[in-house]
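Architecture and fold: a report
So the chains spell out like this:
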Amino acid sequence: MGDKMRKVTVRSPATSANLGPGFDVFGLCLDEPYDIVSVEKMEENGIKIVVEGEKSEEIPTEPDKNTAGVVAKAMMKDFNIKEGIKIHITKGIKPGSGLGSSSASSAGVAVAINELFNLNLPKLKLVEYAALGEGVAAGSPHADNVAPAIFGGFTMVTNYNPLEILHIPVEMNVLIALPDIQISTKEAREILPKKIEMEDMINNVGKACGMVYSLFRNDIELFGKYMMVDKVVEPRRAKLIPKYEEVKEKVKDKVYGITISGAGPAIISIPKKEHLLEVKELFEEVWGRVYYTKVGNGVSVLEKDD
Ligand SMILES: Nc1ncnc2c1ncn2[C@@H]1O[C@H](COP(=O)(O)OP(=O)(O)OP(=O)(O)O)[C@@H](O)[C@H]1O
Ligand SMILES: N[C@@H](CCO)C(=O)O
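Keep in mind that what you see is a predicted model, and the values were worked out from it rather than measured. (Residues numbered from 1 in each chain as written. Chains lettered and ligands numbered in written order. Predicted model: local features only at pLDDT ≥ 70, side-chain atom pairs only at ≥ 80, totals over all residues. Heavy atoms only, no water.)

Helices and strands together make up the secondary structure of the protein, namely ten helices and eleven strands. Against the compact-globule benchmark of 19 Å for 306 residues, the protein has a radius of gyration of 19 Å, which places it among compact chains. Relative to its full complement of 306 residues, the protein shows a buried share of 55%. When contacts within the protein are restricted to residue pairs at least 6 apart in sequence, those whose partners lie at least 24 apart make up 73%. (Helix = DSSP H or I, 4+ residues; strand = E, 2+ residues; numbered from the N terminus. Rg over C-alpha atoms; globule rule 2.2 N^0.38 Å. Buried < 20%, exposed > 50% of the residue type's maximum accessible area, 1.4 Å probe, protein only. Contact = heavy atoms within 4.5 Å.)

Encoded structure:
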């Protein structure tokens, strides 16, 4: 279609970062919930942003304050794109949920602009641009949500400057609970310690290694077991989520694993089939909204219109 293309629409999935001991490194793409992001060329210059859907009234539409706008601005500057664009975001992922809501918009707009202007950028470059959006949402650019949003599956952010991402395709069902509170990533990062004990670092590195090993062995039991033993972040954030510790204790033999999703309040668990209904009902009773979904494949292009 080339230059004739006027508009690209993508489906941009939720993601769950950290997965217990993998703080700021591990990320898992989810199949749902998701944002729908479209980028359309427009006559006037500049970037116009429209946001609809869940809690859209809380999301800024000034390009420098919206994660999608920040990403778009950087890409348009680097590729000397003079045309104006309109970004339309339909939020399906509640902001401040721990499911990568801000990241889904960043990742979606990076993929859409790449398609609309035929930039042919590799996924790693798209993650780099999308991570800039996280600087706006969470106070510091981190790639552990945008990486799985773009690559799909399970990702590890192993280096910054230059950015290095490792990707493992994963098939797994997950049960997400979403308490009816919001936790900003910025605040959830501010309560973390600046220094940690050597024994806690050793624990987390060991458990994280075990989780990666388990993926290559397709050993969901081992993956879930290690996912539950984070000695650094979860102990400090658990108190932000009502009844988290109580429910974790109650279901620990009924799921393969359970932990806080990203900065929370969402909770991610890997259900054991025989207990799925019971655990789902308990999550609904305690926290309200649940998503029974699977690992996703990343941002997908829905439509290209000329
Ligand atoms: N396009 C956007 N979509 C969602 N939030 C956005 C967007 N642009 C800016 N924001 C701001 O980012 C913040 C939400 O990001 P935050 O990282 O706190 O939550 P999250 O992305 O849902 O969860 P997490 O990052 O823990 O997975 C809100 O303050 C919101 O106003
Ligand atoms: N790793 C980040 C992810 C936020 O989704 C944090 O937990 O602060």
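Here the narrative resumes, following the displayed structure.
On to the packing of aromatic side chains, then. Overall, the coordinates contain four aromatic pairs when judged by the stated rule. Relative to W287, the ring of F283 has its centre 5.4 Å away and its plane inclined at 55 degrees; by these criteria the two rings are tilted. Taken together, the residues F283 and W287, both in helix α10 (residues 276–287) and four residues apart, mark about one turn of the helix. What makes F283 buried here is its relative accessible area of 0%. Connected via pairs of aromatic rings, a cluster forms that spans F26, F154 and F223. One Lys or Arg, R11, reaches over the ring of Y34 and ends 4.0 Å from the middle of that ring. (Phe/Tyr/Trp six-rings, centres within 6.5 Å; stacked < 30°, edge-to-face > 60°. Lys NZ or Arg CZ within 6 Å of the ring centre and 35° of its normal.)

Bringing the sheet that holds strand β9 (residues 267–271) into the picture now. In space, the four strands of this open sheet follow the order β8-β9-β7-β10, with antiparallel pairing throughout. The open sheet is flanked by β8 (255–260) and β10 (289–294), the only strands paired with a single partner. Each strand axis lies, on average, 20 degrees off the axis of its neighbour in the sheet, ignoring direction. Pairing geometry for strand β7 (residues 173–178) and β9, over three bridges, is antiparallel. Bridging from a neighbouring strand, I176 pairs with I268 of β9. Across the face of the sheet, helix α7 (residues 220–227) comes into contact with β8 and β9 while running at roughly 35 degrees to β8. (Pairing = 2+ DSSP bridges. Axes fitted to C-alpha atoms, helices over the stretch in contact; angles between N-to-C directions.)

Cis rather than trans, the peptide bond between E32 and P33 has omega equal to 0 degrees. Cis geometry marks the peptide bond from G264 to P265, where omega comes out at 5 degrees. Inspection of the secondary structure assignment puts P265 in the loop between β8 and β9. A positive phi angle, close to 65 degrees, is found at D24, a residue other than glycine. Here D24 lies in the loop between β1 (7–17) and β2 (26–42). Taking relative accessible area as the criterion, D24 reaches 19% and is therefore assigned buried. With a phi angle near 50 degrees, N161 is a residue other than glycine that sits in the positive phi range. When you line up the elements, N161 lands in the loop between β5 (154–159) and β6 (164–168).

Our focus in this paragraph is the UniProt feature "binding site: ATP" (unreviewed entry) in the protein. Per the UniProt record, "binding site: ATP" (unreviewed entry) is found at K94, P95, G96, S97, G98, L99, G100, S101, S102, S103 and A104. For S97, a relative accessible area of 1% puts it in the buried group. A polar contact is formed between the side chain of S97 and the backbone nitrogen of L99, at a distance of 3.1 Å. Residue position: S101 is located in helix α2 (residues 101–116). In contact with S101, not counting residues within four places along its chain, are D35, K91, I93, K94 and P95. (UniProt positions renumbered as here; feature names shortened; annotations may be inferred. Polar contact = N/O pair within 3.5 Å; in protein donor to acceptor, adjacent residues only side chain to side chain.)

With that settled, consider the packing of helix α9 (residues 244–251) against α10. Running from N to C, α9 and α10 cross one another at 165 degrees; their axes reach a closest spacing of 12 Å. Judged by the angle between their axes, α9 and α10 are roughly antiparallel. Regarding α9 and α10, the two cross each other, and that crossing is right-handed. Touching Y244, V247, K250 and V251 of α9 are V279, L282, F283, V286 and W287, all from α10. Residues belonging to the contact of α9 with α10 are distributed by class as follows: eight nonpolar, no polar and one charged. (Parallel < 35°, antiparallel > 145°, perpendicular 65-115°, else oblique. Left-handed = near helix turned anticlockwise from the far one by under 90°. Nonpolar A, V, L, I, M, F, W, Y, C, P; charged D, E, K, R; others polar.)

With that settled, consider the site of ligand 1. If you check the shell around ligand 1, you find 23 residues, and the closest are G96, G100, S102, S105 and T185. Between an oxygen atom of ligand 1 and a main-chain N or O atom of G98, the distance comes to 3.2 Å. Residue L99 places a main-chain N or O atom 3.3 Å away from an oxygen atom belonging to ligand 1. The protein chains hide 90% of the 620 Å² of surface that ligand 1 would expose on its own. Elements with a minimum of two residues in the shell around ligand 1: β4 (84–91) and α2. The element contributing the most residues to the shell around ligand 1 is α2, with three residues. Taken together, the residues of the shell around ligand 1 sort by class into seven nonpolar, twelve polar and four charged. A domain split of the shell around ligand 1 shows at least three residues from each of domain 1 (7–169 + 297–304) and domain 2 (173–294). (Near = heavy atom within 4 Å. Areas by Shrake-Rupley, 256 points an atom, 1.4 Å probe, with all protein chains shown as cover. Domains from an automatic or database assignment.)

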